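For reference, the chains in residue letters:
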Amino acid sequence: MMVRNVVMVMLFVTVIAPIILYTDRLGSFKVSSSSSGDDFVEDVTAVAANALTGRLNLLPQESSTTLKEPVGVVYSDNSTNSYPETKGSSAHPNHSHKDGPSVDSMEHVSARVLSTTNDQNLSQTDNPIRQVTQTLEQGNQFMSDLDAKGGGASEQNIDNASQTTEIKNERQSTQTSSRVDQRKPKKTMTEKQNDETAVPNVRVRHLKDQLIRAKVYLSLPATRNNPHFTRELRLRIKEVQKALWEATKDSDLPRNAYDKLKAMEQTLTKGKQIQDDCAAMVKKLRAMLHSMEEQLRVHRKQTMFLTQLTAKTLPKGLHCLPLRLTTEYYTLNSSQQIFPNQEKLEDPLLYHYALFSDNVLAAAVVVNSTVTHAKDPANHVFHIVTDRLNYAAMRMWFLVNPPGKATIQVQNIEEFTWLNSSYSPVLKQLGSASMIDYYFRTHRANSDSNLKFRNPKYLSILNHLRFYLPEVFPKLNKVLFVDDDVVVQKDLTGLWALDLKGNVNGAVETCGESFHRFDRYLNFSNPLISKNFDARACGWAYGMNIFDLEEWKKQNITEVYHRWQELNHDRQLWKLGTLPPGLITFWKRTYPLDRSWHVLGLGYNPSVNQKEIDRAAVIHYNGNMKPWLEIGIPKYRNYWVKYIDYDHMYMRECNINP
């Protein structure tokens with residue numbers, strides 16, 4: 001018994017006591033080594049995250065106030081401590097080692113960080129994360145050897161090993177940082193901005209996509225059988241809808257939109273996990289797609305119909321104005337109804353304008369804008385032709401508002417007795433039974449997709465009077481034809497001095513877009529068209545045209561127009577309108593003007609080049625969005641309204657406002 005006690009005491013002194021002593025020192029070594037490794041991993045992670053955020057993030061870069069976690073660091077699902085706290089916890093010597101991350105946890109974090117860098121150019125030896133991991137593994141192996149020897153090494157050896165490991169870590173940290181800095185792309189400020197805006201408004205699109213997915217999940221049986229998930233999904237839908245509201249770009253979103261996006265994504269992930277029938281979801285999505293396409297088709301048709309209806313409808317103010325003017329005109333005596341300077345109407349040496357319109361206010365803008373920019377207004381003569389309903393109103397307006405020294409003539413088209421159905425094929429066609437059926441049969445109107453061809457202007461002979469200019473002005477040599485939806489911005493007298501080189505029509509060509517070619521206006525499947533014209537030829541613009549009436553008479557242009565109108569009695573060569581027969585009638589008889597004379601598109605195109613508008617002599621509101629209608633493009637309205645005096649008595653009485 002005594003021998004056993006002696007042996008146990010010796011065993012305790014020689015084996016157990018050294019183990020306890022060295023275990024305490026080894027614990028402090030592990031804490032120091034782990035702390036150094038943690039510091040280095042944080043440094044490398046920060047460098048990698050800052051250098052490669054452009055390729056890590058699909059969404060635009062978040063501000064520091066929004067993202068509370070370092071970019072690029074991925075945490076394991078079972079981690080209990082946040083990574084940034086590791087450094088702080090290991091900085092205190094009294095902190096227990098089991099409170100910090102284990103070596104396995106550090107390897108897991110390092111591996112996840114390495115995967116997020118996505119840099120294929122880093123080799124195994126140059127990878128900073130792998131070097132840190134290898135250093136930790138070497139330290140673990142060294143400690144295992146010590147334990148195997150049973151404390152054979154002295155405390156000095158352990159301290160030297162710890163110091164050597166720390167120095168090696170510092171060197172590797174310095175080398176790795178320099179390598180990362182060398183590999184970090186150096187971008188200019190412009191390139192950084194381009195990276196941030198590579199995908200515009202991605203959050204708005206993502207949120208809208210989430211709404212669609214959420215609504216699909218709500219309609220599936222698996223979701224309806226899960227009331228808890230259904231409530232959560234409905235709540236997320238309301239949150240996202242509130243965040244979107246009327247936002248069209250990311251800057252319109254509220255500050256918490258990113259949080260709503262993440263919350264919805266988590267809910268959708270749950271929904272994906274509970275769905276067991278992918279075929280049902282695919283079928284539902286296809287049904288929704290077909291339904292959306294059908295709704296889009298219906299809405300487009302309704303939009304076209306309403307736009308055409310609005311373009312045809314006369315606003316209340318513009319309906320009131322001619323009635324008010326007509327009433328005032330018939331209160332005048334015959335001497336007060338005469339315009340001054342009537343002797344200038346047939347002087348071929350002056351500048352003559354032809355304007356055919358039934359819109360009093362539009363005609364006033366054309367005359368006012370032209371006179372305003374004319375160098376010598378006294379040499380300008382305006383010939384306005386209107387219909388019987390607006391004849392008195394048109395005369396009254398210019399009697400009350402004379403255009404300075406310029407000369408005005410207002411004529412009634414009903415007084416042109418030579419213009420009848422026996423002379424003009426188009427008049428005969430407009431009164432035919434087929435044309436009446438085309439315009440006034442309800443069932444035909446519903447089935448015809450070409451609603452623009454049902455505009456009443458195609459039934460008005462005022463629209464076709466442009467083909468009879470020599471008959472209207474028999475004593476003039478040249479006349480400038482202008483539409484009533486143009487605004488003049490410069491002096492136009494230079495047009496009369498142009499040499500048209502034997503051509504009849506001087507016009508600006510419209511070759512910029514494919515829909516301005518001949519094949520967009522004429523039916524080239526008909527041999528009469530295909531044999532006589534080029535489908536890819538440039539069209540030209542009606543609305544501001546200088547016509548040589550002498551050449552017109554020599555080349556018998558009116559007869560050419562009549563012949564083609566008779567061939568198109570069944571509308572097989574072209575639909576209604578004046579541009580298609582104009583392209584045919586003046587084929588190879590049109591002189592191209594410089595584009596600065598006439599700029600089009602202000603009645604349908606919101607993206608007309610501003611520089612072209614500023615330098616244009618005439619701007620044209622061709623299209624449905626006329627400046628006197630509510631649907632007019634707002635940014636172009638000022639060019640038109642500045643030539644109207646809205647304080648005029650008649651304007652106030654009819655409540656016409658800019």
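Remember, it's a predicted structure, so these values are computed and weren't measured experimentally.

Asker: Could you give me a rundown of the sheet that holds strand E6 (residues 505–507), with the residues and numbers involved?
Answerer: Across the sheet, seven strands lie side by side as E3-E2-E1-E4-E9-E6-E10; this open sheet has mixed pairing. The open sheet is flanked by strand E3 (407–412) and strand E10 (590–592), the only strands paired with a single partner. The sheet shows a mean angle of 25° between the axes of neighbouring strands, direction not considered. As defined by bridge partners, E6 adjoins strand E9 (residues 544–548) across two bridges and the pair is classed as antiparallel. Opposite Gly-506, over in E9, you have Ile-546 as the bridge partner. Where helix H14 (residues 360–373) meets the sheet, its contacts fall on strand E1 (351–356), strand E2 (380–386), E3 and strand E4 (478–482), and the angle it forms with E2 comes to roughly 175°. Relative to the sheet, helix H15 (residues 391–400) contacts E2 and E3, its axis offset from that of E3 by approximately 170°.

Asker: A description of the packing of aromatic side chains should follow, citing residues and the corresponding values.
Answerer: One pass over the full model with this rule turns up 22 aromatic pairs. An angle of 85° between the planes, with centres 6.2 Å apart, marks the rings of Trp-418 and Tyr-423 as edge-to-face. Under the relative-accessibility criterion, Tyr-423 is labelled partly exposed at 32%. Sitting over the ring of Tyr-542, Arg-466 keeps its end group 4.7 Å from the ring centre.

Asker: An account of a nonpolar patch on the surface is requested, with residue identities and associated values reported.
Answerer: On the surface, a nonpolar cluster with roughly 290 Å² of combined accessible area is contributed by Phe-305, Leu-306 and Leu-309. Note on placement: Leu-306 falls in helix H12 (residues 278–312). A residue is classified by how much of its surface remains accessible, and Leu-306, at 49% relative accessible area, is partly exposed.

Asker: Kindly report on the sheet that holds strand E12 (residues 618–620), identifying the contributing residues and their values.
Answerer: Read from one edge of the open sheet, three strands run E5-E12-E11, paired in mixed fashion. Taken across any chain shown, the strands that pair with only one partner, and hence form the sheet edges, are strand E5 (486–488) and strand E11 (598–599). In this sheet, E12 lies alongside E11 in parallel orientation, the contact comprising two bridges. Counterpart to His-598 in the pairing with E12 is Val-618.

Asker: Can you explain the pattern of salt bridges? Please cite residues and give values.
Answerer: By the definition in use, this model includes twelve salt bridges. Here Arg-297 ties to Glu-294 by a salt bridge, and the two come within 2.7 Å at their closest N and O atoms. Taken together, the positions of Arg-297 and Glu-294, both in helix H12 and three residues apart, correspond to about one turn of that helix. Connected through shared salt-bridge partners, Asp-209, Arg-213 and Glu-265 make up one network.

Asker: Can you break down the nonpolar core residue by residue, with the values?
Answerer: Of all hydrophobic cores here, the largest spans 65 residues; its most connected members are Leu-321, Leu-361, Trp-397, Leu-480, Leu-492 and Trp-640. When residues in this core are grouped by element, the largest group, nine residues, is from H14. Once you skip the residues sitting within four places of it in the chain, Leu-492 turns out to touch Tyr-353, Leu-480, Trp-597, Ala-617 and Val-618. With 42 residues, the next largest nonpolar core counts Val-385, Leu-430, Tyr-468 and Phe-547 among its residues.

Asker: Let's hear about unusual backbone geometry: which residues, and what values?
Answerer: You will see that Lys-501, though not glycine, has its phi angle at about 55°, which is positive. Along the polypeptide, Lys-501 turns up in the loop between E5 and E6. The exposure class assigned to Lys-501 is exposed, which follows from its relative accessible area of 59%. Not every positive phi belongs to a glycine, and Arg-571 is a case in point at roughly 60°. Here Arg-571 lies in the loop between helix H22 (557–567) and helix H23 (579–585).

Asker: Which residues make up the pairing of E3, and what values go with them?
Answerer: Remark: a regular strand shows side chains that alternate across the two faces of the sheet. With six of six residues buried, E3 is to be regarded as a mostly interior element. Alternating positions in E3 separate into two faces, Thr-407, Gln-409 and Gln-411 on one and Ile-408, Val-410 and Asn-412 on the other, with burial throughout. Pairing of E2 with E3, which is carried by six bridges, proceeds in the parallel orientation. Looking across to E3, one finds that His-383 is bridged to Gln-409. Considered for its hand, the β-α-β crossover made up of E2, H15 and E3 is right-handed.

Asker: Break down the state of the cysteines for me, citing the residues and quoting the values.
Answerer: In this structure the tally under the stated criterion is one disulfide. Across the disulfide, Cys-320 is cross-linked to Cys-654 (sulfur-sulfur distance 2.1 Å). Looking down the S-S bond of the Cys-320 and Cys-654 bridge, the torsion is -70°, so its handedness is left-handed. Remark: Cys-654 occurs in the segment after helix H26 (649–653) and Cys-320 occurs in helix H13 (residues 316–329); sequence separation between them is 334 residues. A residue is classified by how much of its surface remains accessible, and Cys-320, at 25% relative accessible area, is partly exposed. On the basis of relative accessible area, Cys-654 is assigned to the buried category, the value being 6%.

About the thresholds
- Residues numbered from 1 in each chain as written.
- Predicted model: local features only at pLDDT ≥ 70, side-chain atom pairs only at ≥ 80, totals over all residues.
- Heavy atoms only, no water.
- Pairing = 2+ DSSP bridges.
- Helix = DSSP H or I, 4+ residues; strand = E, 2+ residues; numbered from the N terminus.
- Axes fitted to C-alpha atoms, helices over the stretch in contact; angles between N-to-C directions.
- Contact = heavy atoms within 4.5 Å.
- Phe/Tyr/Trp six-rings, centres within 6.5 Å; stacked < 30°, edge-to-face > 60°.
- Buried < 20%, exposed > 50% of the residue type's maximum accessible area, 1.4 Å probe, protein only.
- Lys NZ or Arg CZ within 6 Å of the ring centre and 35° of its normal.
- Patch = residues over 30% accessible without salt bridge, like charges linked within 9 Å, V, L, I, M, F, W, Y side chains within 5 Å.
- Areas by Shrake-Rupley, 256 points an atom, 1.4 Å probe, with all protein chains shown as cover.
- Salt bridge = Lys/Arg side-chain N within 4 Å of Asp/Glu carboxyl O.
- Core = buried A, V, L, I, M, F, W, Y, C linked by side-chain atoms within 4.5 Å.
- Right-handed = clockwise from strand over helix to strand, strands pointing away.
- Disulfide = S-S within 2.5 Å.

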